[in-house]
Amino acid sequence: MKLPGVARAVVAVACVALLVAAPFGLKPYGIYLLSLWAVMTIAAIGLNLTLGYAGQVSLAQASFVGIGAYTAALLTTQGWPLLAAFAIATALCFVIGWVLGYPALRVQHHYLAFVTLSFATLVFLVMRNEEWLTKGVYGISGIPRPTLLGWKTNGARDFYFFCLGVLALVSAATWWLVRSPWGRAFTALRENPLRADSLGIDTRRYTLLAFAIGSAIGGIAGVVYAPLVQFIEPTAFALNLSLSLLLMVIVGGSGYFFGPFLGAAVSVLLPEWLRFSEGMYLVWYAVFVMVLVAFCPSGLLGMAGRMRRQWRPR
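Some words on empty space enclosed by the protein
1) Next: As enumerated under the stated definition, the model contains one cavity of 30 Å³ or more in all.
2) Next: Reported here for the largest cavity is a volume of approximately 40 Å³.
3) Next: Taken together, Ile45, Asn48, Leu49, Tyr53, Thr174, Phe257 and Pro260 make up the lining of the largest cavity.
4) Next: Considered class by class, the residues forming the lining of the largest cavity number five nonpolar, two polar and no charged.

What follows is the structure, encoded as structure tokens:
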């Protein structure tokens with residue numbers, strides 16, 4: 001969906017102002033939901049890079065969120081700064097994502113989904129059974145929130161702004177990436193790998209990069225998630241989270257930069273807004289998602305772009 005330059009700037013400024021002002025009118029639980037939206041948006045940005053831009057199906061994004069969260073929990077509870085956890089988790093997820101990308105060189109589509117699903121199952125079993133490392137089903141508690149240059153983020157509002165700052169940095173880096181030659185190579189890889197290869201694009205390297213960078217962004221989301229909830233255990237990073245992240249990308253608009261922002265809002269915030277219907281809120285949420293996917297597989301931003309093209313004066 002493309003708007004005129006001035007309109008895009010006005011919308012962007014309005015959205016930023018709303019995000020900055022929102023926590024001042026909310027209770028702690030509402031601020032927590034906004035923080036969770038920011039974390040899930042970061043994870044969905046990574047999956048959108050892998051799936052939406054490079055066209056590589058992955059059901060393992062929750063595993064990288066879990067790896068980042070456990071890295072942060074294990075390090076910060078031992079006195080390490082969160083900045084070190086960011087660096088180690090990002091590097092670790094990048095390397096693992098690079099290795100996981102190798103099956104994508106041989107299999108595609110639903111076959112690749114099964115490969116990533118197997119990897120996600122393996123990571124979940126390690127988190128649950130290797131108690132010497134992860135404490136198993138007992139989880140890790142007491143995860144501290146960071147202090148940055150004297151700024152303590154223990155409060156809900158302070159940590160929300162920390163999450164928002166990390167989201168802004170990840171968004172800026174991704175914005176630059178998708179508009180760089182790398183981003184154009186990812187798009188060419190998604191549209192037609194054979195044609196991309198004939199144009200001299202190293203499809204092997206860019207396939208691996210798509211997995212590695214998307215996985216690293218998932219790890220960053222996990223590092224922020226751990227101090228947000230301050231207690232992590234394996235079921236939080238099971239297949240349900242991968243499916244939720246996939247839903248965020250598809251509902252928002254796969255391959256659209258702002259798709260994860262909108263998709264995460266639908267997945268995290270919409271169920272809470274529908275709680276007025278009491279026991280029926282999950283039913284209404286499921287109906288909304290099914291109707292949207294059935295009639296607009298390109299997501300909300302794809303639907304908005306299509307409507308705008310239809311209404312444009314000839």
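Regarding the packing of aromatic side chains
1) Next: Scanning the model with the defined rule gives 15 aromatic pairs in all.
2) Next: Consider the rings of tryptophan 37 and phenylalanine 261, whose centres lie 6.4 Å apart with planes at 55°: the pair is tilted. Of this pair, tryptophan 37 sits in helix 2 (residues 28–53) while phenylalanine 261 sits in helix 12 (residues 259–273), and the two are 224 residues apart along the sequence.
3) Next: Under the relative-accessibility criterion, tryptophan 37 is labelled buried at 6%.
4) Next: Here the aromatic rings of tryptophan 175 and phenylalanine 257 are separated by 4.9 Å at their centres, their planes lie at 85°, and the arrangement is edge-to-face. Separated by 82 residues along the polypeptide, tryptophan 175 in helix 7 (residues 156–178) and phenylalanine 257 in the loop between helix 11 (239–252) and helix 12 bring together distant segments of the chain.

Section: the environment of alanine 265
1) Next: Looking at the element boundaries, alanine 265 is found in helix 12.
2) Next: Sequence-wise, alanine 265 and leucine 246 are 19 residues apart; in three dimensions their C-alpha atoms are separated by 13 Å.
3) Next: The residues touching alanine 265, leaving out its near neighbours within four places in the chain, are Trp37 and Leu270.

A short note on unusual backbone geometry
1) Next: A positive phi angle, near 50°, is found at leucine 149, a position not held by glycine.
2) Next: When you line up the elements, leucine 149 lands in the loop between strand 2 (147–148) and strand 3 (151–152).
3) Next: Notably, glutamine 230 is not glycine yet its phi reads approximately 60°, a positive angle.
4) Next: By the element assignment, glutamine 230 lies in the loop between helix 10 (203–229) and strand 4 (231–232).
5) Next: Judged by its relative accessible area of 34%, glutamine 230 falls in the partly exposed class.

A closer look at the nonpolar core
1) Next: Ranked by size, the top nonpolar core spans 84 residues in total, and within it Trp37, Met40, Phe186, Ile232 and Phe237 carry the most contacts.
2) Next: Considering each element in turn, this core owes the most residues, 16 residues, to helix 2.
3) Next: Counting residues in each nonpolar core, the second largest holds nine residues, with Leu270, Tyr285, Val289 and Leu300 among its members.

Points about the layout of surface pockets
Gaps left between atoms show up when a probe the size of a water molecule is rolled over them.
1) Next: Space inside the second largest pocket adds up to approximately 450 Å³.
2) Next: Around the second largest pocket, the lining comprises 20 residues; the ones closest to its centre are Leu36, Met40, Leu241, Ser244 and Val268.
3) Next: Residue assignment for the lining of the second largest pocket shows that the elements contributing at least two residues are helix 2, helix 11, helix 12 and helix 13 (281–295).
4) Next: Its residues assigned to classes, the lining of the second largest pocket shows 15 nonpolar, three polar and two charged.

Description of the packing of helix 2 against helix 7
1) Next: Relative orientation of the contacting elements helix 2 and helix 7 amounts to 15°, with a least axis distance of 8 Å. Between helix 2 and helix 7, the interaxial angle falls into the category roughly parallel. Crossing hand, helix 2 versus helix 7: left-handed. Contact residues: Ile31, Leu34, Ser35, Trp37, Ala38, Val39, Thr41, Ile42, Ile45, Leu49 and Tyr53 in helix 2; Ala156, Arg157, Tyr160, Cys163, Leu164, Val166, Leu167, Val170, Ser171, Thr174, Leu177 and Val178 in helix 7.
2) Next: By residue class, the composition of the contact of helix 2 with helix 7 is 18 nonpolar, four polar and one charged.

Some details on the packing of helix 4 (residues 82–100) against helix 10
The relative placement of two packed helices comes down to the angle between their axes together with the axis-to-axis distance.
1) Next: At a minimum axis separation of 7 Å, helix 4 and helix 10 run at an interaxial angle of 145°. Helix 4 and helix 10 meet at a crossing whose hand is right-handed. Contacts between helix 4 and helix 10 pair Leu82, Ala85, Phe86, Ala89, Thr90, Cys93, Phe94, Gly97, Trp98 and Leu100 from the former with Leu208, Leu209, Phe211, Ala212, Ile213, Ser215, Ala216, Gly219, Ile220, Val223, Val224 and Pro227 from the latter.
2) Next: Each residue belonging to the contact of helix 4 with helix 10 can be placed in one class, and the counts come to 18 nonpolar, four polar and no charged.

Thresholds applied
Residues numbered from 1 in each chain as written. Predicted model: local features only at pLDDT ≥ 70, side-chain atom pairs only at ≥ 80, totals over all residues. Heavy atoms only, no water. 1 Å grid on protein atoms, 1.4 Å probe; cavity = no way out; pocket = protein on both sides within 12 Å on 5 of 7 lines; lining within 4 Å. Points joined across faces, edges and corners; volume = space filled by probe spheres on them. Nonpolar A, V, L, I, M, F, W, Y, C, P; charged D, E, K, R; others polar. Phe/Tyr/Trp six-rings, centres within 6.5 Å; stacked < 30°, edge-to-face > 60°. Helix = DSSP H or I, 4+ residues; strand = E, 2+ residues; numbered from the N terminus. Buried < 20%, exposed > 50% of the residue type's maximum accessible area, 1.4 Å probe, protein only. Contact = heavy atoms within 4.5 Å. Core = buried A, V, L, I, M, F, W, Y, C linked by side-chain atoms within 4.5 Å. Axes fitted to C-alpha atoms, helices over the stretch in contact; angles between N-to-C directions. Parallel < 35°, antiparallel > 145°, perpendicular 65-115°, else oblique. Left-handed = near helix turned anticlockwise from the far one by under 90°.

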